[in-house]
Structure formats: C-alpha cells, structure tokens
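Per-entry structural report
Here is what each chain is made of, one letter per residue.
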There are 2 protein chains.
Amino acid sequence: MRSDCPISYGLDFFGDKWTLLIIRDLAFEGKSFYNDFLHSKEGIATNILSDRLKKLELNGIIGSRVYEKLRTKKEYFLTDKGKALIPVLLEMIIWSTTQQDGLAVPADFLEGAKNDREELTKRVLASLD
Amino acid sequence: MRSDCPISYGLDFFGDKWTLLIIRDLAFEGKSFYNDFLHSKEGIATNILSDRLKKLELNGIIGSRVYEKLRTKKEYFLTDKGKALIPVLLEMIIWSTTQQDGLAVPADFLEGAKNDREELTKRVLASLD
DNA sequence: CTGTATCCTTAGGGATACTG
DNA sequence: CAGTATCCCTAAGGATACAG
C-alpha cells in the first residue's frame, strides 16, 4: 500500500492492463473458467492469467471451487468484494463509449438504461445468479 | 488499442499505477502544477510524471497553459474528456473506502452524499471552476 | 484442460544529474 | 521551478514447453 488514498488503494489491486479484464469476463461475459479467460480477445498470456487469478483470489476479489460437472475444472466467481467493483467497470464503459465511437458494449442489458447507474448495476448483479 | 472492448479501451489510457493519481490531484486535490504532482504522497518519479503528463495531454485528457502570474510555470487542467473520468474515480473511492477501513477521503465535500453519485460528481465539477 | 515454469525481451520505474 | 536525460534495475509480459 503506497498511501491511505482510496484511489491509490484501488490501483494497488487493479492498476494494470489485465486484472480488470478478468473481472469484466466474470461480470459481463458469463465466463467462469481458466480457458474462457485465456481466449478473450485481448490475448492474455498463461503466466499472466495464472498470476492474476492467484492475486485476485488472495485479495478476496474472486473465489474458486471445483466444477462439479467436470471435476478436473475449477470454476471462478466474484466474491462480494469483487461484485462491488461492477459500478467501477460500468463507469469505465460509460466513459469509453462516450469518448470513442465503435466500441462494443459488453452486453445487451446495458442498452436502454445508459443513464440509470443503479438499474444497470442491479441488472448485472442479477445476471450473476 | 487491444480490442474494441470499452474496459480495455479505458485501460489503454489509465491502466497503470500512476496516471489516475495525476487525475485525482487535478480533480480532488486542487493541484495544477508539476511540483504539486511531484510531491503527492505516493512519490512519483520525475521521469514518470513527465511521461504521464505528456501522454495525458496527447490523449486530450488534460491540457496546459502558461501560468500568467508566474510565466515560467505551466498550469495543467482537466479537459472535458478528463472531467468525464470523475465518476470513475468516485466509484473507485466508494469501492476502496467500503472495502478497507482507515483510508482518507480526498475531500470533505464527499461526506454527506455517499450514496448520491450525481450530486457528488456535480460538486466535484463545481469545485474545478 | 488447468495450470506452472522457463526463457527472453521490453516496459516501468527509482535515483540522480543536468538544462532552460 | 519545470522539466529532460541517463543509468540501471526490477517488474511485466510474450512465447513456448511442460506437468498433473
């Protein structure tokens, strides 16, 4: 921890180019498995993915369990601490799509509620159950 | 640009440990000058600060002008594109202070409106004029 | 498939000196 | 004071091979 500033505190967790993409996959893309994250379009490397999953779990932002339908696989999921990041991601999406044309909105449920942040968060959370 | 994902797009700008701290200084701390940023408590190095200021200006997130009262100094300010990042920063602050005790809230006007995001953004913007 | 490990290259960044 | 430049080291990350 570099300082007691909340921005700095957040950056200590996800101030890099990859961590939030994993959270995005979990929150918006319905992804739960190592292989899903690995094949996201940005092309994360295996060592980075491995490292970030470990750090995220260590920091209590994600959790993991054995996937019952296929017990060689592990299933990752957002903890409450991780779910609490959804509003941050939503604001990033809003900022980017406002600043730059041609970006893909991650999921359809974002349409039609662009200015209602609370409603957006609620919908994303509901989609996780 | 790694992909057309808005999250990834945002991370291309500020997916590092320092960029958003400069934005924070501009948005919440009333700082405008090189030396102010340099002496923020996280201790940014001169080469990094120089590099980030350049990139931020190149990307249209901040602007700069000669400081009229002392014409050897340059004054930095948030552009509209930069001001549009304030909701992102606010959500980061909310997330961090919710997850971790003992963090310092950057400015007093955040108190008393913790759950009214729109009001918070308005207050921060008003403080910039 | 789910990772780890290794090799190697580049980028990030600290320390410090230096210039206008 | 506002930066640039340099030196040097560490961290990040891509490619690939390998293990359970």
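Residues numbered from 1 in each chain as written. Chains lettered and ligands numbered in written order. Predicted model: local features only at pLDDT ≥ 70, side-chain atom pairs only at ≥ 80, totals over all residues. Heavy atoms only, no water.

The subject of this paragraph is the protein's contact with DNA strand D. Close to DNA strand D lie 15 residues, the nearest being R52 of chain A together with N35, S50, K73 and Y76 of chain B. For DNA strand D, the fraction of protein-proximal atoms (within 4 Å) that sit in sugar or phosphate groups is 66%. Interatomic distance of 2.9 Å between a side-chain N/O atom of T46 of chain A and a base oxygen of DNA strand D. Within the backbone of N35 of chain B, one N or O atom sits 3.2 Å away from a phosphate oxygen of DNA strand D. Elements represented by at least two residues in the surface near DNA strand D include exactly helix 4 (46-58) of chain A together with helix 3 (34-38), helix 4 (46-58) and strand 2 (74-78) of chain B. (Near = heavy atom within 4 Å. Polar contact = N/O pair within 3.5 Å; in protein donor to acceptor, adjacent residues only side chain to side chain. Helix = DSSP H or I, 4+ residues; strand = E, 2+ residues; numbered from the N terminus.)

With 95% of its residues at a pLDDT of 70 or more, chain A has an overall mean of 92. Taking the mean pLDDT of every element in chain A, the minimum, 92, falls on helix 7 (residues 117-127) of chain A and the maximum, 97, on helix 5 (residues 80-83) of chain A. (pLDDT = per-residue confidence, 0-100.)

This brings us to the pattern of salt bridges. Taken as a whole and judged by the stated rule, the model has 24 salt bridges over all chains. The salt bridge partner of R52 of chain A is D16 of chain A, with a shortest N-O separation of 3.3 Å. Taken together, the residues R52 of chain A in helix 4 and D16 of chain A in the loop between helix 1 (6-14) and helix 2 (19-28) connect sequence positions 36 residues apart. On the accessibility criterion, R52 of chain A (15% relative accessible area) is buried. On the basis of relative accessibility, which here comes to 14%, the residue D16 of chain A falls in the buried class. For R71 of chain B, the salt bridge is made with E68 of chain B, and the minimal N-O distance between the two is 2.9 Å. The two residues R71 of chain B and E68 of chain B agree in class, both being exposed. (Salt bridge = Lys/Arg side-chain N within 4 Å of Asp/Glu carboxyl O. Buried < 20%, exposed > 50% of the residue type's maximum accessible area, 1.4 Å probe, protein only.)

So, on to the packing of helix 1 of chain A against helix 6 (residues 86-99) of chain B. The interhelical angle for the contact between helix 1 of chain A and helix 6 of chain B, taken along N-to-C directions, is 85°, at an axis separation of 8 Å. By the angle between their axes, helix 1 of chain A is roughly perpendicular relative to helix 6 of chain B. Residues P6, I7, Y9, G10, L11, F13 and F14 of chain A of helix 1 of chain A form the contact with helix 6 of chain B, whose participating residues are L89, M92, I93, W95, S96, T97 and Q99 of chain B. Per-class residue counts for the contact of helix 1 of chain A with helix 6 of chain B are 10 nonpolar, 4 polar and no charged. (Axes fitted to C-alpha atoms, helices over the stretch in contact; angles between N-to-C directions. Parallel < 35°, antiparallel > 145°, perpendicular 65-115°, else oblique. Contact = heavy atoms within 4.5 Å. Nonpolar A, V, L, I, M, F, W, Y, C, P; charged D, E, K, R; others polar.)

Counting 72 residues, the largest nonpolar core has I7, I23 and I62 of chain A together with I7, I23 and I62 of chain B as the members making the most contacts within it. Those residues within four positions of I23 of chain A in sequence are excluded, and the remaining contacts are L56, I61, I62, L78, L85 and L89 of chain A. (Core = buried A, V, L, I, M, F, W, Y, C linked by side-chain atoms within 4.5 Å.)

Here the focus is the protein's contact with DNA strand C. What surrounds DNA strand C is a group of 16 residues, the closest being N35, S50, K73 and Y76 of chain A together with R52 of chain B. Put simply, 65% of the atoms of DNA strand C that lie within 4 Å of the protein are in sugar or phosphate. Within the side chain of Y76 of chain A, a nitrogen or oxygen atom sits 2.7 Å from a phosphate oxygen of DNA strand C. One nitrogen or oxygen atom from the side chain of R52 of chain B is found 2.3 Å from a phosphate oxygen belonging to DNA strand C. Secondary-structure elements contributing two or more residues to the surface near DNA strand C are helix 3 (34-38), helix 4 and strand 2 (74-78) of chain A together with helix 4 of chain B. Per-class residue counts for the surface near DNA strand C are 5 nonpolar, 7 polar and 4 charged.

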